[in-house]
Every structure is written in C-alpha cells, then in structure tokens.
Amino acid sequence: MKSRWIVFLVLALLQSTLVLAQNGISSAEITFTFVSKDVDGSISGFSSSSAIDLDNLSTSEFKGTVSVETLKTGNFLRDWSLKGKKYFNADDYPEISFASTSVTNTDTGFEVTGDLTLKGKSKPITIDFTRKANQVIGTTTLFSSDFGIDIKKERKDNEVIVNFLLTLQ
C-alpha cells in the first residue's frame with residue numbers, strides 16, 4: 001500500500017513540474033512601424049494557444065492570432081483605409097495568424113521561425129526574442145507587399161518592423 005502512495009506522489013510531483021515548465025501567453029502588445037511612411041501603429045485582439053517551455057525551447061510552440069479590425073495608427077481615416085479591400089481587407093480576412101515551425105536558442109535569447117498568414121497568404125518569418133522576467137520581447141522585419149499589401153510600388157519601401165511584448169502565464 002505504501003508503494004502505491006509513493007508512486008502516486010511521484011507522479012503528482014512530475015505532473016506539477018511539467019505544468020510549471022509549460023507557459024502560455026496571457027497577453028500581448030504588438031506594435032509596428034511602416035518604415036518608408038514613418039507610421040507607427042498597433043494591433044490587438046490577441047488570442048493564443050501557445051505552449052512554451054523556457055527550459056526546453058525546442059519543444060515549444062508559438063501560435064496565435066490578432067484581429068485586423070483592431071489595427072490602429074493614430075489616424076482614423078488611414079485606419080479605415082488600411083482595413084479596406086485595397087490593403088488588409090478585414091471583411092474577407094479578419095485575422096492575422098502565426099504558427100511556429102521551430103524554436104531555437106541564440107546567444108542573446110531565442111528565435112521563433114514559423115508561418116505568418118496575412119490576407120490569405122502564408123509566408124515564413126523569424127522573430128528574435130529576449131526574455132525579461134515573465135515577458136518575452138521580440139522583433140521581426142517583413143514586407144507588406146509579400147502579402148499583397150502594396151503601400152508603395154517598390155518592395156523595399158513596404159518594409160514593416162513588428163515588435164512583440166508577450167507576457168507569459
């Protein structure tokens with residue numbers, strides 16, 4: 001009988017350790033800069049089903065969406081235009097999603113590579129992260145024209161820097 005209790009206790013402790021090692025994302029602040037236009041903005045409506053193990057990052061999964069309707073640049077008319085059919089087309093593509101394909105350690109933190117789906121097009125991107133307490137801070141650069149959002153004619157003029165501040169559970 002004692003051996004059953006010991007086995008039960010060991011299993012309970014292991015399960016607790018596994019639950020503590022896995023983190024989800026409780027909140028996110030996502031900001032961006034359209035470089036050639038010198039326009040800053042944010043996007044919210046964040047939802048995530050991530051499973052992050054900071055002790056074994058290679059087993060982690062980053063997965064989440066944001067709502068295109070929440071896009072804000074500080075100019076109502078510009079926001080309305082960006083959400084329209086010519087640019088983000090929020091009616092037909094209401095969400096932007098990301099799903100990781102790999103998570104690897106780096107000298108300064110870790111990088112998450114995955115597929116970003118925006119306006120119905122999926123493209124691989126890599127986000128570089130550093131950790132600060134219960135938050136991870138990330139950045140990536142992409143080109144809106146790769147997703148059919150042509151703000152300017154030249155690809156290089158469609159550069160967008162995206163910053164992430166993710167709070168872990």
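(A) A look at the overall build of the protein. Looking only at helices and strands, the protein features 2 helices and 11 strands. Taken from the N to the C terminus, the helices and strands of the protein come in the order α-β-β-β-β-β-β-α-β-β-β-β-β. For the protein, with 169 residues in total, the buried portion stands at 36%. For the protein, the share of sequence-separated contacts (at least 6 apart) that also reach a separation of at least 24 residues comes to 51%. Here the protein displays about 10300 Å² of accessible surface, and carbon together with sulfur accounts for 55% of that area.

(B) Just the nonpolar core, in detail. Core analysis: the biggest nonpolar cluster contains 37 residues, and Phe62, Phe88, Ile96, Phe110, Leu116, Phe129 and Leu166 have the highest contact counts within it. Aside from chain neighbours lying at most four places away, what touches Phe110 is Leu57, Phe62, Val103, Thr104, Asn105, Ile127, Asp128, Phe129 and Val136.

(C) Quick peek at the sheet that holds strand S3 (residues 39–43). If you walk across this open sheet you meet the 9 strands as S3-S2-S11-S10-S9-S8-S7-S6-S4, and the pairing is antiparallel. Either end of the sheet is taken by a strand with one partner, and the two such strands are S3 and strand S4 (47–48). Across 9 bridges, the pairing between strand S10 (residues 135–143) and strand S11 (residues 159–168) is antiparallel. Bridge pairing in S11 places Ile137 opposite Leu165.

(D) Representation of the confidence of the model for the protein within the structure. Mean pLDDT for the protein: 89, with 87% of residues reaching 70 or above. When mean pLDDT is compared element by element in the protein, strand S8 (residues 110–118) scores highest at 98, while helix H1 (residues 2–21) scores lowest at 40. Across residues 2–21, where pLDDT falls below 50, the model places 3 contacts with residues more than four positions away in sequence or in other chains.

(E) Region of interest: empty space enclosed by the protein. Taken as a whole, this structure holds 1 cavity of 30 Å³ or more when the rule is applied. Roughly 500 Å³ of internal volume is contained in the largest cavity. If you go around the largest cavity, you meet 31 residues; those closest to its centre are Ile30, Ile96, Leu116, Val162 and Phe164. When residues of the lining of the largest cavity are traced back to their parent elements, those giving at least two are strand S2 (25–34), strand S6 (63–67), strand S7 (95–105), S8, strand S9 (121–132) and S11. The residue makeup of the lining of the largest cavity, split by class, is 24 nonpolar, 6 polar and 1 charged.

(F) Expanded view of helix H2 (residues 76–83). When H2 is considered as a whole, its buried residues turn out to be Asp79, Leu82 and Lys83. The buried residues of H2 occupy an angular sector of 95° when projected down its axis, which confines them to one face. Opposite its buried face, H2 presents the exposed residues Leu77 and Trp80, each directed more than 90 degrees away. Of the residues flanking the start of H2, the one acting as N-cap is Asn75, its side-chain oxygen 3.1 Å from the backbone nitrogen of Leu77.

(G) Structural detail: the environment of Ile25. Turning to its location among the elements, Ile25 is positioned in strand S2. Residue class for Ile25 comes out buried when judged on its relative accessible area of 10%. Remark: the alpha-carbon pair of Ile25 and Gln169, spanning 144 residues in sequence, is separated by 5.7 Å. In contact with Ile25, other than residues within four places in its own chain, are Phe46, Ser48, Ser50, Ile52, Phe62, Leu166, Thr167, Leu168 and Gln169.

Calculation notes
- Residues numbered from 1 in each chain as written.
- Predicted model: local features only at pLDDT ≥ 70, side-chain atom pairs only at ≥ 80, totals over all residues.
- Heavy atoms only, no water.
- Helix = DSSP H or I, 4+ residues; strand = E, 2+ residues; numbered from the N terminus.
- Buried < 20%, exposed > 50% of the residue type's maximum accessible area, 1.4 Å probe, protein only.
- Contact = heavy atoms within 4.5 Å.
- Areas by Shrake-Rupley, 256 points an atom, 1.4 Å probe, with all protein chains shown as cover.
- Core = buried A, V, L, I, M, F, W, Y, C linked by side-chain atoms within 4.5 Å.
- Pairing = 2+ DSSP bridges.
- pLDDT = per-residue confidence, 0-100.
- 1 Å grid on protein atoms, 1.4 Å probe; cavity = no way out; pocket = protein on both sides within 12 Å on 5 of 7 lines; lining within 4 Å.
- Points joined across faces, edges and corners; volume = space filled by probe spheres on them.
- Nonpolar A, V, L, I, M, F, W, Y, C, P; charged D, E, K, R; others polar.
- Arc of directions from axis to C-beta.
- Polar contact = N/O pair within 3.5 Å; in protein donor to acceptor, adjacent residues only side chain to side chain.

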